[in-house]
Amino acid sequence: MILTDAVVGLIAAFIGVALSIEMHFFGLRWLAWLVQHREPKVRRPLLVVLFTIFTLHLVEVLLFAILLALIEAGGFGRLMGATYGGAGWFVDHFYFSIASYTTLGLGDIVPHGAIRMVAGLEALAGLVLVTWSASFTYLMMERLWSDRLPTKTETEMEKED
């Protein structure tokens, strides 16, 4: 079987999407457990949630950057406008991956070959994972801050009527 750029790109993209969803799922499950079973020494649990989610997203971006670099090293695509060779080579892949994951799409680096498929599906995965994180953060805020919000008693509500 001859591997075309499209096939290589789709395979790499599906690997990246599957691994990032799996990583995100277990990361959020761990955070939910941590919030539910937290010890008193965790003083600011919401900050732990936010920093962990941010770290999860960075690791997912890094995963896609590694896939992009492997595709380019295999000769199935390349990033035009990127720095080739030297220390900046992988940094460009990471930068392009951030732009794709966040759907920012600046356009200063342009994908060719199999990398186009990965960039497109990375953007879709990033959109889903960022919104998943936002929903999770909202639920954690609701759980952690519900005891601190003032609530009206039934008597107070009856007086308003």
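Bear in mind the structure is a predicted one, so any value in this text is a computation, not a measurement.

Draft legend 1. Local environment of the overall build of the protein. Counting its regular elements, the protein contains five helices and two strands. Listing each helix as α and each strand as β along the protein from the N terminus yields α-α-β-α-β-α-α. Put simply, the protein has 161 residues, and 34% of those count as buried. Total accessible area on the protein stands at roughly 10,200 Å², and carbon and sulfur atoms take up 68% of it.

Draft legend 2. Local environment of a nonpolar patch on the surface. There is a patch of nonpolar side chains on the surface, built from Leu 3, Ile 11, Ile 15 and Leu 19 and spanning about 340 Å² of accessible area. Locating Leu 19 in the fold gives a position in helix 1 (residues 5–36).

Draft legend 3. Quick look at the packing of helix 1 against helix 4 (residues 114–145). At a minimum axis separation of 8 Å, helix 1 and helix 4 run at an interaxial angle of 10 degrees. Taken as axis vectors, helix 1 and helix 4 run roughly parallel relative to one another. Along the lines of polarity and charge, the residues of the contact of helix 1 with helix 4 split into 23 nonpolar, five polar and two charged.

Draft legend 4. A look at the packing of aromatic side chains. Counted under the stated rule, the structure contains one aromatic pair. Relative to Phe 26, the ring of Phe 25 has its centre 5.1 Å away and its plane inclined at 80 degrees; by these criteria the two rings are edge-to-face. By relative accessible area, Phe 25 is classed as partly exposed at 36%.

Draft legend 5. Geometry of the confidence of the model for the protein. With 84% of its residues at a pLDDT of 70 or more, the protein has an overall mean of 88. The lowest-confidence element of the protein is helix 5 (residues 154–160), averaging 67 in pLDDT; the highest-confidence one is helix 2 (residues 45–73), averaging 95.

Draft legend 6. Structural detail: unusual backbone geometry. A positive phi is found at Thr 103, a non-glycine position, where the angle reads about 60 degrees. Topologically, Thr 103 is positioned in the loop between helix 3 (88–101) and strand 2 (110–113).

Draft legend 7. Representation of the nonpolar core within the structure. Among the nonpolar cores identified, the biggest contains 16 residues, and Phe 64, Leu 68, Ile 71, Leu 79, Phe 96, Ile 115 and Val 118 are the most heavily contacted of them. Broken down by secondary-structure element, the contributors of at least two residues to this core are helix 1, helix 2 and helix 4. The element best represented in this core is helix 4, accounting for five residues. Residue contacts for Ile 115: discarding those within four places in its chain leaves Leu 68, Ile 71, Glu 72, Gly 77, Arg 78, Leu 79 and Phe 96.

Definitions and limits used
- Residues numbered from 1 in each chain as written.
- Predicted model: local features only at pLDDT ≥ 70, side-chain atom pairs only at ≥ 80, totals over all residues.
- Heavy atoms only, no water.
- Helix = DSSP H or I, 4+ residues; strand = E, 2+ residues; numbered from the N terminus.
- Buried < 20%, exposed > 50% of the residue type's maximum accessible area, 1.4 Å probe, protein only.
- Areas by Shrake-Rupley, 256 points an atom, 1.4 Å probe, with all protein chains shown as cover.
- Patch = residues over 30% accessible without salt bridge, like charges linked within 9 Å, V, L, I, M, F, W, Y side chains within 5 Å.
- Salt bridge = Lys/Arg side-chain N within 4 Å of Asp/Glu carboxyl O.
- Axes fitted to C-alpha atoms, helices over the stretch in contact; angles between N-to-C directions.
- Parallel < 35°, antiparallel > 145°, perpendicular 65-115°, else oblique.
- Nonpolar A, V, L, I, M, F, W, Y, C, P; charged D, E, K, R; others polar.
- Phe/Tyr/Trp six-rings, centres within 6.5 Å; stacked < 30°, edge-to-face > 60°.
- pLDDT = per-residue confidence, 0-100.
- Core = buried A, V, L, I, M, F, W, Y, C linked by side-chain atoms within 4.5 Å.
- Contact = heavy atoms within 4.5 Å.

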